[in-house]
Amino acid sequence: MRTLIVSIVLAVLFATPALAQTPNCGPRPAVVEALSGSYAETFSGGGIQNDEAVFEVWVSPETGTWTILRTNAAGISCIMAAGTGWFSGASGAHVAGVPS
């Protein structure tokens, strides 16, 4: 039993530096499952940043939450921003306080 505990502690210690460098990151399937399961968010749109990253916007019309993900070529997604009060823009719409 003691060997098992020591093994787990060592595994966590060696994994910690990598995890500390990438907060709010994980394999894309796990991140997407959390967004859809816990926040009822669905994919709304996105785009390619470069050869190494794709950005996605996930939103929940029901709750108004939104999340921006950055997924790298290795399939690791990081939450870049998240919030509440999501609203969809209409073509030609003007948002008060934002210059046209």
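Higher on the page you've got the structure.
Residues numbered from 1 in each chain as written. Predicted model: local features only at pLDDT ≥ 70, side-chain atom pairs only at ≥ 80, totals over all residues. Heavy atoms only, no water.

### Description of the sheet that holds strand β3 (residues 53-59)
Formally: The pairing criterion is simple: DSSP has to find at least two bridges between the two strands. Strands here are runs of E lasting at least two residues and helices are runs of H or I lasting at least four, both read from the DSSP assignment and numbered beginning at the N terminus. Axis definition: a line fitted to C-alpha atoms, over the contacting stretch in the case of helices. Angles run 0 to 180 degrees between N-to-C directions. For this analysis, residues touch if any pair of their heavy atoms sits within 4.5 Å.
In space, the five strands of this open sheet follow the order β1-β5-β4-β3-β2, with antiparallel pairing throughout. Each edge of the open sheet carries a strand with a single partner, namely β1 (25-27) and β2 (42-50). Direction aside, the axes of adjacent strands within the sheet are offset by 25° on average. Direction of pairing for β1 relative to strand β5 (residues 76-83): antiparallel, over a ladder of three bridges. Across the sheet, cysteine 25 pairs through a bridge with cysteine 78, a residue of β5. With respect to the sheet, helix α2 (residues 28-39) is in contact with β1, β3, β4 (66-72) and β5, its orientation differing from that of β1 by roughly 110°.

### Considerations on the state of the cysteines
The test is simple: The term disulfide is used for any two cysteine sulfur atoms that are within 2.5 Å. To sort residues, take the accessible area from a 1.4 Å probe on protein chains only and compare it with the maximum for the residue type: under 20% means buried, over 50% means exposed, and anything in between is partly exposed.
Under the counting rule described, the total for this entry stands at one disulfide. Paired through a disulfide, cysteine 25 and cysteine 78 show a sulfur-sulfur distance of 2.0 Å. Around the S-S axis, the bridge from cysteine 25 to cysteine 78 shows a dihedral of about 110° and counts as right-handed. Taken together, the residues span a long stretch of sequence, with cysteine 25 in strand β1 and cysteine 78 in strand β5 at a distance of 53 residues. Look at cysteine 25 and you get partly exposed, because its relative accessible area is 25%. Of the residues examined, cysteine 78 reaches a relative accessible area of 16% and is grouped as buried.

So, to be careful, I would describe these as geometric facts and stop short of saying anything about function.
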